[in-house]
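# Fold and geometry: a report
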Amino acid sequence: MFVLLLQVLGCLCSEHVFVQEASLLSPYVDEIGRFLNWKTFGEQVIKVHGKDVFVQLGYSSPNSSGAVLGSHPISSERFCVDLVIEVEEGSKGEDSEGMAIWISDEETFNEGTCFGRSCNFKGLLVAIKPSGKSYIGVKAGNVSINPRSIDKSFDRVEYRDFPFGEKFVLRIEQKNYELSIYLGEPENLSLVHSYRSNIVGEGDFFGVSASTGKSSASFRLVAVESYHLKDLGPGEYTSDDVHTGGRLVWILLAVVVSVTGYYLYSIQIKKDN
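Residues numbered from 1 in each chain as written. Predicted model: local features only at pLDDT ≥ 70, side-chain atom pairs only at ≥ 80, totals over all residues. Heavy atoms only, no water.

## Concerning the overall build of the protein chain
On a plain count of helices and strands, the protein chain comes out with two helices and 17 strands. Taken across its 273 residues, the protein chain has 44% of its residues classed as buried. Taking as baseline every contact in the protein chain between residues at least 6 positions apart, the subset at least 24 positions apart corresponds to 65%. Per element, the accessible surface of the protein chain, about 14,500 Å² overall, is 53% carbon and sulfur. (Helix = DSSP H or I, 4+ residues; strand = E, 2+ residues; numbered from the N terminus. Buried < 20%, exposed > 50% of the residue type's maximum accessible area, 1.4 Å probe, protein only. Contact = heavy atoms within 4.5 Å. Areas by Shrake-Rupley, 256 points an atom, 1.4 Å probe, with all protein chains shown as cover.)

## Things to note about the sheet that holds strand 7 (residues 98–104)
Read across the sheet, seven strands follow the order 2-5-16-7-10-11-12 without closing on themselves; strand pairing throughout is antiparallel. Only two strands of the sheet have a single partner each, and these edge strands are strand 2 (38–42) and strand 12 (156–159). Neighbour to neighbour, the strand axes of the sheet diverge by 15° on average, direction disregarded. Inspection of the sheet shows strand 11 (residues 135–144) paired to strand 12 by four bridges, in the antiparallel sense. Bridge assignment links Ile136 to a residue of strand 12, and that residue is Glu158. (Pairing = 2+ DSSP bridges. Axes fitted to C-alpha atoms, helices over the stretch in contact; angles between N-to-C directions.)

## A look at the pattern of salt bridges
What the rule picks out here adds up to eleven salt bridges. Where Glu178 meets Arg196, a salt bridge forms, and the shortest distance between an N and an O atom there is 2.8 Å. In this pair, Glu178 sits in strand 14 (residues 178–185) while Arg196 sits in the loop between strand 15 (188–195) and strand 16 (205–211), placing the two residues 18 residues apart along the sequence. The class for Glu178 is partly exposed, based on a relative accessible area of 24%. Given a relative accessible area of 67%, Arg196 falls into the exposed group. (Salt bridge = Lys/Arg side-chain N within 4 Å of Asp/Glu carboxyl O.)

## A closer look at unusual backbone geometry
A negative phi angle is the norm for most residues apart from glycine, just as the trans form is the norm for most peptide bonds. Of note, the bond from Ser26 into Pro27 is cis; its omega dihedral lies within 30 degrees of zero at 15°. You will see that Asn37, though not glycine, has its phi angle at about 65°, which is positive. Mapped onto the elements of the fold, Asn37 is located in the loop between strand 1 (16–18) and strand 2. Asn37 sits in the partly exposed class, given a relative accessible area of 29%. For Phe115, which is not glycine, the phi dihedral falls at a positive 55°. You can see Phe115 is positioned in the loop between strand 8 (111–112) and strand 9 (116–117).

## Notes on the nonpolar core
If you look at the biggest cluster of nonpolar residues, it comprises 45 residues, and the most contacted ones within it are Leu83, Ile101, Leu124, Ile172, Ile181 and Phe206. Top contributing element to this core by residue count: strand 6 (residues 79–88), with six residues. For Ile172, the residues in contact, after removing those within four places along its chain, are Phe79, Cys80, Val81, Ile101, Ile103, Leu124, Val126, Leu179, Ser180, Ile181 and Phe206. Ala67, Ala127, Ile150 and Phe154 belong to the second largest nonpolar core, which has 17 residues in total. (Core = buried A, V, L, I, M, F, W, Y, C linked by side-chain atoms within 4.5 Å.)

## So, the packing of aromatic side chains
Any pair of aromatic rings gets described here by the distance separating the centres and the angle formed by the planes. One pass over the full model with this rule turns up seven aromatic pairs. Judged by centre distance (5.7 Å) and plane angle (65°), the rings of Phe18 and Tyr227 are edge-to-face. Taken together, the residues Phe18 in strand 1 and Tyr227 in strand 17 (residues 218–229) connect sequence positions 209 residues apart. Given the relative accessible area of 36%, Phe18 is considered partly exposed. On the basis of relative accessible area, Tyr227 is assigned to the buried category, the value being 19%. Grouping aromatic residues by their ring pairs yields a cluster made of Phe41, Trp102 and Phe109. Between Arg117 and the ring centre of Trp102, over which it is positioned, the NZ or CZ distance is 4.8 Å. Between the NZ or CZ atom of Lys133 and the centre of the ring of Tyr159, over which it lies, the distance is 4.9 Å. (Phe/Tyr/Trp six-rings, centres within 6.5 Å; stacked < 30°, edge-to-face > 60°. Lys NZ or Arg CZ within 6 Å of the ring centre and 35° of its normal.)

In structure tokens:
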């Protein structure tokens, strides 16, 4: 019982608050096939591969592209977004195919040559190029990407291999006036780059696009999980957090004391008999 109490108290003190309307989870669509809380552009399809379900951006064919854009803006400058991504290998080559993840104040999608989207906007861009000279690149502020030398246009580029056919996580997190980008396995994320400022503002929109080239890789968006980060600094709880948490703690303590008392009373009765 005390273990249960500690677990519940841990949940009360958790920094992450799940935001359903800004997330994209299976089955992705409603009963009539419309994407929930997301706008779609270009070519995209929901696929089932064995036990896996995912949104494929662009078809598995040359020169195809697709995108999804959140209908609801980011509601706080303290947030975390986890993307679960999988890339199925095509024939490797020096192609312009890849995936773009961005956050900006644009409410509409602007198609372009930067992995499916426009190369010029204000906000944050994270690009993943899995084939040829593969890399992850990050650019923030006034984003202007040269399509002829995309990897030279980033604030930070990390050349690395991507695990074809295996899921990996891209995390974008902003708190305490710092925005950080992580990449890796769910329990083993490594920092790619960080900015010592709030790049993303309240009211910005989140989007993902992908484009295929000659190698026809499959870009699979398995999930987007969005969280609002509560400020848990000393003396900075909201009154609602304090009152709600306080009431629940006292209720839980009362339940624990009652159950423990009843348990001890039952043992004593058995001994007397």
